[in-house]
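# Fold and contact review
The residues making up each chain are set out below.
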Amino acid sequence: MAAVAANVAAAAEDREPQREAVPGLESQWRQIENSESGRERPLRAGESWFLVEQHWYKRWEVYVQGGDQDSGTFPGCINNADLFEDQVNWRLKKGLVEGEDYVLLPAAAWHYLVDWYGLEHGQPPIERKVVELPSVQKVEVYPVELLLVRHSDMDTPHTAQFSHTDSVDLVLRTAREHFLVSPQEETRLWIKNAEGSFERLCNTRVTVLDAALKTGQVVIMETRNKDGTWPSAQPQAVNTALEEEEDFQGQPGICGLTNLGNTCFMNSALQCLSNVPQLTEYFLKNRYLEELNFCNPLGMKGEIAEAYADLVKQAWSGHHRSIVPHVFKTKVGHFASQFLGYQQHDSQELLSFLLDGLHEDLNRVKKKEYVELCNAAGRPDQEVAQEAWQNHKRRNDSVIVDTFHGLFKSTLVCPDCGNVSVTFDPFCYLSVPLPVSHKRVMEVFFVSMDPRRKPEQHRLVVPKKGKISDLCVALAKHTGMSPERMMVADVFSHRFYKIYQLEESLSSILDRDDIFIYEVSGRSAIGENSREDVVLPIYLRERTPARDYNNSYYGLMLFGHPLLVSVPRDRLSWDALYHILLYRLSRYVTRPSSDDEDDGDEKADIEDKDNIPKPGHVAGASSQDSGPEQAGPSSGVAGGSRAPVDNSPGPSHWPQRARRKHLFTLQTVNSNGTSDRSTFNEDTHGVSFSSQPYIAIDWEPEMKKRYYDEVEAEGYVKHDCVGYVLKKAPVRLQECIELFTTVETLEKENPWYCPTCKQHQLATKKLDLWMLPETLIIHLKRFSYTKFSREKLDTLVEFPIRDLDFSEFVIKPQNESAPELYKYDLIAVSNHYGGLRDGHYTTFACNKDSGQWHYFDDNSVSPVTENQIESKAAYVLFYQRQDVARRLQPQPSSSDPPASPACGSPPNSEFMDVN
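It is worth spelling out the overall build of the protein at this point. Broken down by element type, the protein carries 21 helices and 40 strands. Taken over 915 residues, the protein has a buried fraction of 47%. Partitioning the intrachain contacts of the protein with sequence separation of at least 6 by distance along the chain shows that 73% fall at a separation of at least 24. For the protein, the accessible surface area stands at approximately 45600 Å², while carbon and sulfur atoms represent 50% of it.

Attention now goes to the side chain of Arg440. As for its position among the elements, Arg440 is in strand β15 (residues 439–447). At a separation of 3.0 Å, a polar atom in the side chain of Arg440 contacts the main-chain carbonyl oxygen of Leu506.

On to the nonpolar core, then. Grouped together as the largest cluster of nonpolar side chains are 54 residues, with contacts concentrated most on Leu273, Phe283, Tyr308 and Phe878. For this core, the element with the highest residue contribution is helix α9 (residues 303–315), accounting for eight residues. Ignoring any residue separated from it by four or fewer positions in sequence, one finds Phe283 in contact with Tyr288, Ala305, Tyr308, Ala309, Val312, Lys313, Leu358 and Leu362. Grouped together as the second largest cluster of nonpolar side chains are 45 residues, Ala489, Phe516, Tyr539 and Leu563 included.

Turning next to the packing of aromatic side chains. In this structure the tally under the stated criterion is 34 aromatic pairs. An aromatic cluster of three or more residues is present, and its members are Phe445, Phe496, Phe516, Tyr518, Tyr539, Tyr694 and Tyr716. A cation sits over an aromatic face here: Lys329 above Tyr342, 4.7 Å from the ring centre. Taking the ring centre of Phe559 as reference, the NZ or CZ of Lys704 above it sits at 4.6 Å.

On to the sheet that holds β15. One open sheet holds the six strands; their spatial order is β18-β17-β19-β15-β16-β25, and the pairing between them is mixed. Because the sheet does not close on itself, it has two edges, and the strands there are β18 (495–499) and β25 (717–718). In the packing of helix α14 (residues 468–479) onto the sheet, the strands contacted are β15, β16 (456–463), β17 (486–492) and β19 (515–519), and the crossing angle to β16 comes to about 125°.

Going through the model one piece at a time under the given rule, you end up with 41 salt bridges. Arg802 is paired through a salt bridge with Glu866; the nearest N and O atoms lie 2.7 Å apart. In this pair, Arg802 is assigned in the loop between β34 (797–798) and β35 (804–805) and Glu866 in the loop between β39 (860–863) and β40 (874–881), connecting sequence segments 64 residues apart. Take Arg802: its relative accessible area is 34%, and that puts it in the partly exposed class. Its relative accessible area of 22% is what places Glu866 among the partly exposed residues. Several salt bridges share partner residues, and in doing so they unite Glu291, Arg364, Lys393, Asp397 and Asp402 into one network.

The next point concerns the pairing of strand β31 (residues 775–781). Along β31, six of the seven residues are buried, which leaves the element largely enclosed by surrounding structure. Summarising the sheet, strand β14 (residues 430–433) and β31 pair through four bridges and their orientation is parallel. Paired with Leu430 across the two strands is Ile778, which belongs to β31. Judged from the five bridges that link them, β31 and β40 form a sheet pairing that is antiparallel. Along β40, the bridge assignment pairs Leu776 with Tyr879.

Taken in spatial order, the four strands line up as β13-β12-β30-β27 in an open sheet, and their pairing is antiparallel. Each end of this open sheet is capped by a strand with a single partner; those strands are β13 (420–427) and β27 (744–745). Across eight bridges, strand β12 (residues 406–413) lies against β13 in antiparallel orientation. Pairing of Thr411 across the sheet is with Val422, part of β13. Sheet strands touched by helix α12 (residues 381–395): β12, β13 and β30 (764–771). Its angle to β13, the strand with the most contacts, is close to 40°.

In terms of burial, strand β1 (residues 48–53) is largely enclosed, as six of its six residues are buried. Across the two faces of β1 the burial is the same, with Ser48, Phe50 and Val52 and Trp49, Leu51 and Glu53 all buried. Of the strand pairs in this sheet, β1 and strand β3 (residues 127–133) are connected by three bridges, and their pairing is antiparallel. By the bridge assignment, Trp49 is partnered in β3 with Arg128. Pairing between β1 and strand β2 (residues 102–106): five bridges, direction antiparallel. Within β2, the position partnered with Trp49 by the bridge is Pro106.

Attention now goes to helix α7 (residues 264–274). Think of an α-helix as 3.6 residues a turn; residues three or four steps apart then line up on the same face. Counting buried positions along α7 yields eleven of eleven residues, so the element is predominantly enclosed. All of the buried residues in α7 are Cys264, Phe265, Met266, Asn267, Ser268, Ala269, Leu270, Gln271, Cys272, Leu273 and Ser274.

Here we come to helix α11 (residues 347–361). Given a rise of 1.5 Å per residue, 15 residues ought to cover 21 Å, and the 21 Å separating the end C-alpha atoms of α11 matches this to within 8%. Among all positions in α11, only Ser347, Gln348, Leu350, Leu351, Phe353, Leu354, Leu355, Gly357, Leu358, His359, Glu360 and Asp361 are buried. One side-chain oxygen at the N-terminal end of α11 lies 2.7 Å from the backbone nitrogen of Gln348; it belongs to Asp346.

A few words on the packing of helix α8 (residues 277–284) against α9. Two elements in contact, α8 and α9, have axes whose closest approach is 9 Å; the angle formed by their N-to-C orientations is 100°. Viewed along their axes, α8 and α9 adopt a mutual orientation that is roughly perpendicular. Residues Leu279, Thr280, Phe283 and Leu284 of α8 form the contact with α9, whose own contacting residues are Ala305, Tyr308, Ala309, Val312 and Lys313. Among the residues making up the contact of α8 with α9, the classes are represented as seven nonpolar, one polar and one charged.

Tracing the backbone through its elements, the reader meets Ala45 in the loop between α2 (25–34) and β1. By relative accessible area, which is 42% here, Ala45 ends up partly exposed. Considered as a pair, Ala45 and Leu133 are 88 residues apart in the sequence and their alpha carbons are 9.3 Å apart.

Conventions we followed
- Residues numbered from 1 in each chain as written.
- Predicted model: local features only at pLDDT ≥ 70, side-chain atom pairs only at ≥ 80, totals over all residues.
- Heavy atoms only, no water.
- Helix = DSSP H or I, 4+ residues; strand = E, 2+ residues; numbered from the N terminus.
- Buried < 20%, exposed > 50% of the residue type's maximum accessible area, 1.4 Å probe, protein only.
- Contact = heavy atoms within 4.5 Å.
- Areas by Shrake-Rupley, 256 points an atom, 1.4 Å probe, with all protein chains shown as cover.
- Polar contact = N/O pair within 3.5 Å; in protein donor to acceptor, adjacent residues only side chain to side chain.
- Core = buried A, V, L, I, M, F, W, Y, C linked by side-chain atoms within 4.5 Å.
- Phe/Tyr/Trp six-rings, centres within 6.5 Å; stacked < 30°, edge-to-face > 60°.
- Lys NZ or Arg CZ within 6 Å of the ring centre and 35° of its normal.
- Pairing = 2+ DSSP bridges.
- Axes fitted to C-alpha atoms, helices over the stretch in contact; angles between N-to-C directions.
- Salt bridge = Lys/Arg side-chain N within 4 Å of Asp/Glu carboxyl O.
- Expected span 1.5 Å × (residues − 1).
- Parallel < 35°, antiparallel > 145°, perpendicular 65-115°, else oblique.
- Nonpolar A, V, L, I, M, F, W, Y, C, P; charged D, E, K, R; others polar.

This is how it looks when you write it as structure tokens:
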């Protein structure tokens, strides 16, 4: 046996002539079992360990512990055959147990044994990695076996092994290598779950363990289509249409977006952003894939960035005339609930959300550190600004910051102690105000006391922050009527919604309100012997079939325009009031003939004999009227010398009128034009009102039809001033920027806490531009919102297409040798047509490849010239710095004509496709 062992040893030496001399048996035992390189060494993550068949290792132990190198117990070559299922694929048997089927050796010990004894010919070493699992390190004997397939061929899997600590990116690279995918093609992975559903493997930087991939799981590799779409995103029904789209070849970027229902605001913002050259190149060249931030708690798990990337790739593939942004719309609604559904929104608000979402999804800062805000404290601006920008970049570093972020200088001055606070703050866009006119045009109707005059429509120019008295003064210039003889009311639905006091602000009146100004009688100051008139609000009502059987007021419907009528206090009787009102209505109410009077007297006599109070006849109805009126929207009618008088006699104190034939009846009502009978008391002869009564003129349908001329009642004339239009002179964009940098005083709702005074102050604030970004977004604040009013400013803002110079606005010390650092060229405009409640968004944009301007109106795209771009609809402007434009401009070949540095020159028509 000793001779056999010697022969085997000799044969081993012949096979590997470079093997070192075999040490003694005791030394072998020590190196394999006990040394730092032996079996006793601790596991370290990432190290390689090797499997050795248990029986061979036991024979080796017996051999070295026997102490006789010539012994017949020599183990021979390492033979792991019993550990494999077959001798072809060399796959390990299932269920092998350490200590029973194999032992584990570190790499150094394994190499020692191979050097000393050799490895059975043809057998591969069984190398396994040490992995660090949660709270434990172990040798990964069984790696994860995945079945890799292509999306286009799910029936031909390729089996590959991966460690639990391998990244998903390695799985993707392995699949690309096996399926021979070219480097230019973009791919992504899906996994098939046990229930048969599919799930995206979005984050390829996580490990196989973190992705919860298990042995036998199917991993599908999907390759993006030439037109920028993914095969899995397209339903089977549109496959034919997709093939036709792939055959289409147009100018990249000239692609419309389908309106999904009031989504023109989103389409406009997307078209503007898609035509920012450096951002689009960033996505087209897949640089975003390396910077997707899946763990940012402020982000959207990379989903917004991926959805936007899909849109950009489709729009710039040149294979689409228009695309449907349904997936993007769904993602936006998921992460920003205000954009759920299909209501109209603001393109600038969507743009703000999108820029913030893209920034957080692509933020290179994976763990944001706490950064303390710093005040200038008397230090030089250059130092403080540099510190503020560095602090901003420590938490925010993305392509959005690189492209769109600039720096403000904010200066606050305390009005009391003079303390100055200087801070530098980043911005993503400039929201600049438009110079606003301090005048306002209001349309009103003037109702004269002369019944022969029709109401006159007037268009008045008043101070925007004026009072009701200013409205009366403006009307007085047109009518020659004293403002002291006017009362202003808001009429809504045939009733007074509100009667205004002189000192109230005009801002409470909206443009859509129907404002009537009534002439009332002049009145001297209130005194003991003074004669004073009472102003009564008068409503018109028509009796209709009641809804129930107790003749309730539900049977009376308001119609026509209400009146404010002056009645002398000494003539406060029903009969006098009837004749006063008959006179005021005489233009459109015909007096009855003598025959009608006679008929009426006979009927009145019959009524007197019956002596039954009839609803609507005021003499009898005054005892059936309501108690205190319900407070309505015009409950502020009384008060002050201009309003109807509170302490005028109530109807119970008025003289009873004789019962005779009348065209209409009178009844006291509340401000809504209705009577509340719930507090009626039969034992009383009348009801006293604590506030001013409203009087209703109630018509029977037959009497109204016979004597009331509705056409004449609704008639009015237009004063010459109605043709007046408040001309709005155009403003330059530079004026808006100047206004943006003007000193302003903080509002009461937003005071500043002065650290010196230790209290909140209405400090003065000034914003200055310190550093401008590569692409500057300027938002024109066309929509004005106050507590009482909302309006859209349709002022024409004149903005340059080229050479917008910011050198006069940037206060940072400038580089005189590089003026292009402060000059910008226009690249896109978001337009808004219409008013506040409705409108439509479109886009002008300059194609980065062709230099041609196009007009994007949802799915329609058409070329335009530069002189068509400037309009009153311009809402958001995109400007690109000239040094960036030159840097991004492709170098022309010797055969190509030199390209213009600015957008505007139309390309050759054979390279253009216009929908």
